[in-house]
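Each chain, letter by letter, is given below.
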Amino acid sequence: MLLLAGPCFIFVAKPTEQHLGQYYTVPPSHFHTVFPHGLPPRYQQQVKTFNEGCVMVRQPALELISHLKRADYSKPTLRYLLYGVKGSGKTMSLCHTVHYCSTQGWLVLHIPDAHLWVKNCKELLPSSYHASRFDQPIQASNWLRNFRTTNEHFLSKIKLRQRYVWTKRESTEEGRPLGELVDMGVSRVKSSSDVVGAVLKELRLQAGGTEGGFRLAVAVDGVNGLWGRTTLKKEDKSPVAPEELTLVHNLRKMINNDWCGGAVIATLSQTGSLYAPSSAYLPQELLGEEGFDSMDPFVPVPVSLYSEKEFESCYLYYLDRHWLQHPHSQTEEGKKELIFLSNRNPSVLERLCAFL
Amino acid sequence: MAASLTGLLKPWTPRVLLVRWSRYNPYYLEPGPRKEVYHIPETELTPEQKEERELKSVRPIKAATNSVTSSVFNDPVLSKFVNMMMKDGDKIIAKGIITQTLENMKRKQVEKYHKAPEGKKAEIECNPYAIFHQALENCKPVIGLTSIQKGGKFYQVPIPLTDNRRRFLAMKWMITECRDNKHRRTLMYEKLSQELLAAFSKEGNVVKRKHELHKMAESNRAYAHYRWW
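Under an unreviewed UniProt entry, chain B has the name Small ribosomal subunit protein uS7m and belongs to Oncorhynchus mykiss. Of the comments in the UniProt record for chain B, the one headed Subcellular location (unreviewed entry) reads "Mitochondrion". The UniProt entry for chain B carries the following comment under Sequence similarities (unreviewed entry): "Belongs to the universal ribosomal protein uS7 family."

An unreviewed UniProt entry annotates chain A as Small ribosomal subunit protein mS29 originating from Oncorhynchus mykiss. Reading the Sequence similarities (unreviewed entry) entry of the UniProt record for chain A gives the comment "Belongs to the mitochondrion-specific ribosomal protein mS29 family."

Take a look at the structure:
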């Protein structure tokens, strides 16, 4: 096992197997464009404290990136599912892959947490487009705003292929740039959920196209929220099923593999999930029957706890950033105790080192 | 020897009993949770340590409390502070507040450290434990006041304080200050970290309270001879 003399920082955009366990710095300019949403909150605090954002190169992310490099984009989309115990680094691997895709010039559709769309919704409007569905204006407009920040340069290049009518007086013509549609969705909050549906449909149609073709990466965190139960209630106190929400309905269509020219990368998450036991982490348990049947076939990517080399690297990184301040934590005894207390779980280690 | 003396270890209570005095027979020894003591080989022990070890092999030992650990990160002063902050026996919440406070202090200091120019980096103290201990030292009063009755009237007389009393007063003032003088929306750990950082640099309300006590003691110097111990 190669022990690194210190945490090695690499600056290449394309990490390879040699760089396993080492930290790679995301340039500060990328943080606001690529990740307006989507990073775990504790990681965002860490970026603010250390004045830099470093991500560890780990096996699941490398596996995903190698799959993405070698996939055939004229065939129907491949779906990749990251699964693992709580705190093992699924969201961080997803963010690493999203950053890779955006540096390669892909269009990234990043949904930070699908569970946020099925719970705690203050305003649930009945949809104008479809009688039995419900709209969520606030969530949809927030997401469109972040989508606009992420993909500025694509918005003027992609032209609409269909005419969309919003009200008697408003409509968006064929051939207009996508940016106009997104701006309309952000400003007219009432129809923002339908705008989201239109954007997803347009991107799905145009992703594999030969003229001005771009690759589309759909990154969904907490995908098991799309097929469970919701905590939302209609006015007569009956529960709302996920299918009855416009956002969820359109996202499910996106995750189907009936389009080509891109990839769907999803993460399971028990932390925000509803009505799921806390010990569940396998795809079968969290997705349920319906979800598993819709996601099937997918490429499962297991995310494990830190190996010895990765733990070493993380420990040295915290030492280098002056984060481990307790005098005893810098000794061998303290390190053994940290391994024992955290069981090499990345998030538990982070919380322990926070107050040590 | 132990077998013959076990007859003497009857349940025993002293004649004068206060509520929180320990019920253990004084024959029992204190537990020693630190691991380093037991790793020293036979040859390197001093005579006192050898005697202690022999005594431990014969005498019974009290049970260790839940808050005492053999972990290297165990800090008795911090444990005392957690116990003082605890309400209704809820140690989990109290310990949670203290860990959040330490994390908050460390975050502020490390952020300042990373943004500071090279020359100023050495002056910034990032260790939250060092800041906590130094802040508590800065809040400890040197001299205290007590009420003594002389000729029908009560006078505030300056008296020396023991170490334990000084530590208790510093912690008590810190906790009451953070509980009372904060905005309704500020959380306890936020206010505590602000106060501790202020006390570390000898500013803030707690250090002011200590100075006021010193001034009162100075002004009541004339009554110092009323103390008879």
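J.: Account for the environment of F147 of chain A, with residues named and values stated.
T.: Residue and element names in this part refer to chain A. Mapped onto the elements, F147 comes out in helix α5 (residues 137–150). Taking the C-alpha atoms as reference, F147 lies 30 Å from S304; in sequence the two are 157 residues apart. In this structure, F147 is in contact with L107, V108, L109, L155, V182, V199 and L203, ignoring residues within four places of it in sequence.

J.: Report on the pairing of strand β11 (residues 262–267) of chain A, specifying residues and quantitative values.
T.: Residues and elements named next belong to chain A. Within β11, six of the six residues are buried, which leaves the element mostly enclosed by the surrounding structure. Side chains G262, V264 and A266 project from β11 onto one buried face, and the interleaved A263, I265 and T267 project onto a second face that is buried too. Relative to β11, strand β10 (residues 216–221) runs parallel, the two being bridged by six bridges. Opposite D221, over in β11, you have T267 as the bridge partner. A crossover links β10 with its parallel partner β11, the connecting element being helix α9 (residues 246–255), and its sense is right-handed.

J.: Kindly report on the UniProt feature "domain: Small ribosomal subunit protein uS7" (unreviewed entry) in chain B, identifying the contributing residues and their values.
T.: Within this numbering scheme, the UniProt entry marks residues 65–221 of chain B as carrying the feature "domain: Small ribosomal subunit protein uS7" (unreviewed entry). Across residues 65–221 of chain B, the secondary structure splits into 59% helix and 10% strand, with the terminal C-alpha atoms separated by 43 Å.

J.: Any details on the interface of chain B and chain A? Residues and values, ideally.
T.: Between chain B and chain A, the contact holds 18 residues from the first and 24 residues from the second. Carbon and sulfur atoms make up 58% of the surface buried where chain B meets chain A, a total of about 2100 Å² over both sides. Linking chain B to chain A there are two salt bridges. Across the pair E103 of chain B and R42 of chain A runs a salt bridge whose closest N-O atoms are separated by 3.0 Å. The interface formed by chain B and chain A holds 12 residue pairs in polar contact (both at pLDDT 80 or more) in total. Put simply, the parts of the chain that give the side of chain B that touches chain A at least two residues each are α5 (91–115) and α6 (128–139) of chain B.

What counts as what
- Residues numbered from 1 in each chain as written.
- Chains lettered and ligands numbered in written order.
- Predicted model: local features only at pLDDT ≥ 70, side-chain atom pairs only at ≥ 80, totals over all residues.
- Heavy atoms only, no water.
- UniProt positions renumbered as here; feature names shortened; annotations may be inferred.
- Helix = DSSP H or I, 4+ residues; strand = E, 2+ residues; numbered from the N terminus.
- Contact = heavy atoms within 4.5 Å.
- Buried < 20%, exposed > 50% of the residue type's maximum accessible area, 1.4 Å probe, protein only.
- Pairing = 2+ DSSP bridges.
- Right-handed = clockwise from strand over helix to strand, strands pointing away.
- Buried area = accessible area lost by both parts, 1.4 Å probe.
- Salt bridge = Lys/Arg side-chain N within 4 Å of Asp/Glu carboxyl O.
- Polar contact = N/O pair within 3.5 Å; in protein donor to acceptor, adjacent residues only side chain to side chain.

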